[in-house]
Amino acid sequence: MSDYRITLLKGDGIGPEIVDQAVKVLDKTAEKFGFTVEYDEALLGGCAIDATGVPLPEETVAKCKASDSVLLGAVGGPKWDTLPGSNRPEAGLLGIRGALGLFANLRPSVIFGPLKSASPIKDEIIGDNMDILIVRELTGGIYFGERGRKEVDGKPAAWDTEMYTVPEIERIARVAFEMAMKRNKKLTSVDKANVLESSRLWRETVIRLSAEYPEVELNHLYVDNAAMQLVRNPKQFDVIVTSNIFGDILSDEASMIAGSIGMLASASLSGGKLGLYEPIHGSAPDIAGKGIANPLATILSVAMMLRYSLNRLEAAQAIEDAVAKVLKTHRTPDIYEEGFVKVGCEEMGDLVCAAL
Ligand code: NAD
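In this text, all values refer to a predicted model and were calculated from it rather than measured experimentally. (Residues numbered from 1 in each chain as written. Predicted model: local features only at pLDDT ≥ 70, side-chain atom pairs only at ≥ 80, totals over all residues. Heavy atoms only, no water.)

*Asks:* How should I be thinking about the site of the ligand in this particular structure?
*Replies:* By nearness alone, 19 residues border the ligand, and V75, E90, G282, A284 and D286 come closest of all. Here E90 contributes a side-chain N or O atom positioned 2.4 Å from an oxygen atom of the ligand. With respect to the ligand, the backbone of A284 contributes an N or O atom lying 2.8 Å from an oxygen atom. Broken down by class, the residue content of the shell around the ligand amounts to 9 nonpolar, 6 polar and 4 charged. (Near = heavy atom within 4 Å. Polar contact = N/O pair within 3.5 Å; in protein donor to acceptor, adjacent residues only side chain to side chain. Nonpolar A, V, L, I, M, F, W, Y, C, P; charged D, E, K, R; others polar.)

Next comes the structure, spelled out in structure tokens:
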């Protein structure tokens, strides 16, 4: 029996190409660090709709639950864009997060030294090592709250609700405090407590919990100010914790500061060992099948899996170091600059394996 069982959800578009490279790198890492991994593939998104009629078959949920961790490529594409909302590939994505109880989304926004020029922000603002971790609540708040349509003064209107319970806030804040303890011990909680009652409860709860983490320096920002500070002085941040909707927006903003979308990994955690790891980008239908997709975000997602689910910290670091080394000389087209060697998806995977 292998040490770890990983479910692969390759998905659509470039999903299969990039996951294949990440698997190659994980196998090489396992060989080097003396552990074994076995894989089980399952369907999610458009490919699942084509094969079974639904974006998230029950078999996929069962396979994921039976594994130590899940690696996802990306889902979606123009072929399925006209389907009704509940049967689109993205519904499969929301469904699997809910089914696995993945309430915490971790998005690191890191600039690899050699890629500094890919950031739209000036060098002196970024400094030498921008490294922010956004911890976003993923299964509550306005995206899951009650909603509806009604008439107001005879005119059509629509409403959504933002609600958080204390246990929901506590569990996400706890993840963020724990992450801060492993990093630079600085946590920024982002809310809109000057206006929203749900934000006032959020802030009170985070402050109460902070008594358990006296070493962590905690501060609070309103979301509008946080959006501004991210581009004005990103170096001030270590870990940021926030609600589902604010985290959705701020994590996209932070990823643009880091530059290329093909470089950024993410993790969704359930509190237990099981996590779902995926690049933040989509299925890139415009380049699917051309062999030019950047597999590094998926490879870096494997590094996150090793760190947060499989507790193989050295192996995780080895992958990150190998990626940084390869970037000094080689680039896929999306991050290409003059003076570097241009390579495709598969070659990039081979180079990372060789650098390991
Ligand atoms: P996208 O991230 O797929 O692509 C945006 C742009 O970035 C494209 O030009 C694409 O070629 C490029 N790009 C993305 N990843 C790349 C990589 N690894 N290497 C090189 N270039 C890369 O976003 P989109 O075009 O808005 O969405 C395409 C499809 O993906 C849609 O169906 C959308 O719903 C879906 N999507 C899925 C996820 C997910 O599975 N988590 C996330 C976002 C979007």
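So much for the structure itself; the text now carries on.
*Asks:* Help me understand the domain arrangement of the protein, please; the structure alone is not making it clear to me.
*Replies:* It is common to give the size of an interface as the accessible area that goes away when the parts come together. Domains assigned within the protein are domain 1 (1–105 + 261–356) and domain 2 (120–257). In this structure, domain 1 and domain 2 have C-alpha centres spaced 25 Å apart. Taken together, the contacts link 10 residues of domain 1 with 12 residues of domain 2. Summing both sides of the interface, domain 1 and domain 2 together bury roughly 1,000 Å²; the carbon and sulfur share of this comes to 71%. In terms of surface lost to domain 2, no three residues of domain 1 exceed F103, N105 and Y308, which account for 56% of the buried area on that side. When its residues are assigned to classes, the side of domain 1 that touches domain 2 shows 7 nonpolar, 2 polar and 1 charged. (Domains from an automatic or database assignment. Contact = heavy atoms within 4.5 Å. Buried area = accessible area lost by both parts, 1.4 Å probe.)

*Asks:* Teacher, can you tell me more about the sheet that holds strand β4 (residues 104–110) here?
*Replies:* Paired through backbone hydrogen bonds, the strands of a sheet run either parallel or antiparallel to each other. With respect to topology, 10 strands assemble into an open sheet ordered β2-β1-β3-β12-β11-β4-β5-β10-β8-β9, the strand pairing being mixed. Strands with a single pairing partner mark the edges of an open sheet, and in this sheet they are β2 (37–41) and β9 (217–222). Here the average twist between neighbouring strands, direction ignored, is 25°. (Pairing = 2+ DSSP bridges. Helix = DSSP H or I, 4+ residues; strand = E, 2+ residues; numbered from the N terminus. Axes fitted to C-alpha atoms, helices over the stretch in contact; angles between N-to-C directions.)

*Asks:* It is not clear to me how helix α4 (residues 89–99) should be interpreted in this structure. Could you clarify?
*Replies:* Quick reminder: α-helices carry 3.6 residues per turn. Residues three or four places apart thus point the same way. Those residues of α4 that sit buried are P89, G92, L93, I96 and R97. For α4, the angular spread of buried residues about the axis comes to 135°, placing them on one side. Looking one or two places after α4, you find G101, whose phi comes out positive at around 65°. (Buried < 20%, exposed > 50% of the residue type's maximum accessible area, 1.4 Å probe, protein only. Arc of directions from axis to C-beta.)

*Asks:* How should I be thinking about a nonpolar patch on the surface in this particular structure?
*Replies:* Where nonpolar side chains cluster on the molecular surface, the patch consists of L94, Y143 and F144 and spans about 290 Å² of accessible area. With respect to the helices and strands, the residue F144 is situated in the loop between β5 (131–137) and β6 (147–152). (Patch = residues over 30% accessible without salt bridge, like charges linked within 9 Å, V, L, I, M, F, W, Y side chains within 5 Å. Areas by Shrake-Rupley, 256 points an atom, 1.4 Å probe, with all protein chains shown as cover. Salt bridge = Lys/Arg side-chain N within 4 Å of Asp/Glu carboxyl O.)

*Asks:* For this particular structure, what's the right way to read the packing of helix α11 (residues 313–327) against helix α12 (residues 345–355)?
*Replies:* How two helices sit against one another is set out by the angle between their axes and by the gap between those axes. Taken N-terminus to C-terminus, the directions of α11 and α12 make an angle of 115°; their axes are 8 Å apart at the nearest point. Here α11 and α12 pass one another in a crossing that is right-handed. Note on element contacts: α12 touches α11 through M348, L351, V352 and A355, opposite A322, V323, K325 and V326. (Left-handed = near helix turned anticlockwise from the far one by under 90°.)

*Asks:* Would you explain the pattern of salt bridges in this entry?
*Replies:* Opposite charge on two side chains permits them to pair, given that their charged atoms come into close proximity. Counted by the stated rule, this structure contains 23 salt bridges. R208 serves as the salt-bridge partner of E170, at 3.1 Å between the closest nitrogen and oxygen. In this pair, E170 sits in helix α6 (residues 166–182) while R208 sits in helix α7 (residues 197–210), placing the two residues 38 residues apart along the sequence. With a relative accessible area of 23%, E170 lands in the partly exposed category. Two residues, E197 and R200, come together in a salt bridge whose shortest N-O distance is 3.0 Å. Taken together, the residues E197 and R200, both in helix α7 and 3 residues apart, mark about one turn of the helix. You can call R200 partly exposed: its relative accessible area is 31%.

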